[in-house]
Amino acid sequence: MDIRKRIDWPFSGIVFDIEHNAFWMEEWGEKSNDLNKNIMVAKIYYETYPKMIPIYSHRYIPSELHKTGNPVFSIYQTDIIYYGYDLAHYFSHEFRFELSDKFPIIDTPNHIDFWGDIES
């Protein structure tokens, strides 16, 4: 999959769920009967959310908060879960290896607007 498709994957999944699974965020306002209008509204809001950087498969890290401890999300349509509370712990979890004691344990991830709000 080329990089453009990987970058666009999260929005494509949101569109799929709007079309097929009645997905709609309350913050987007009242849902229209016009599917194209709903997708346009979702796109406008999506552009304001932290951009997601592809890491591996459907795992992404947000481009913001610009600080240590950004979580890694597994994103498949709007099935969004924390897959690691930071990059090191994500790699440890995904590829099954022990981290050195030098890595701090993070009990609570940084909150990421939108992506952390629709966690499954």
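Calculation criteria
- Residues numbered from 1 in each chain as written.
- Predicted model: local features only at pLDDT ≥ 70, side-chain atom pairs only at ≥ 80, totals over all residues.
- Heavy atoms only, no water.
- Helix = DSSP H or I, 4+ residues; strand = E, 2+ residues; numbered from the N terminus.
- Buried < 20%, exposed > 50% of the residue type's maximum accessible area, 1.4 Å probe, protein only.
- Pairing = 2+ DSSP bridges.
- Patch = residues over 30% accessible without salt bridge, like charges linked within 9 Å, V, L, I, M, F, W, Y side chains within 5 Å.
- Areas by Shrake-Rupley, 256 points an atom, 1.4 Å probe, with all protein chains shown as cover.
- Salt bridge = Lys/Arg side-chain N within 4 Å of Asp/Glu carboxyl O.

1. Brief notes about the environment of Ile118
Point 1. Tracing the backbone shows Ile118 in the segment after helix H3 (87-95).
Point 2. Classification of Ile118 by relative accessible area gives buried; the value is 12%.
Point 3. Separated by 93 residues in the primary sequence, Ile118 and Met25 place their C-alpha atoms 8.7 Å from one another.

2. Observations concerning the pairing of strand E3 (residues 72-76)
Point 1. Burial runs high along E3: 4 of the 5 residues are buried.
Point 2. In this structure, strand E2 (residues 59-62) lies alongside E3, joined through 2 bridges in antiparallel fashion. Along E3, the bridge assignment pairs Tyr60 with Phe73.
Point 3. Sheet topology note: the E3/strand E4 (residues 79-84) ladder contains 5 bridges and is antiparallel. Residue pairing in the sheet places Ile75 in a bridge with Ile80 of E4.
Point 4. Adjacent in sequence and paired antiparallel, E3 and E4 are bridged by 2 residues, among which Gln77 carries a positive phi angle near 55°.

3. Remarks on a nonpolar patch on the surface
Point 1. Taken together, the side chains of Tyr56, Leu87, Phe91, Phe95 and Phe97 define a hydrophobic patch exposed on the protein surface, amounting to about 440 Å² of accessible area.
Point 2. The greatest single-element share of the nonpolar patch, amounting to 3 residues, is contributed by H3.
Point 3. Inspection of the secondary structure assignment puts Phe97 in the segment after H3.
Point 4. Judged by its relative accessible area of 40%, Phe97 falls in the partly exposed class.

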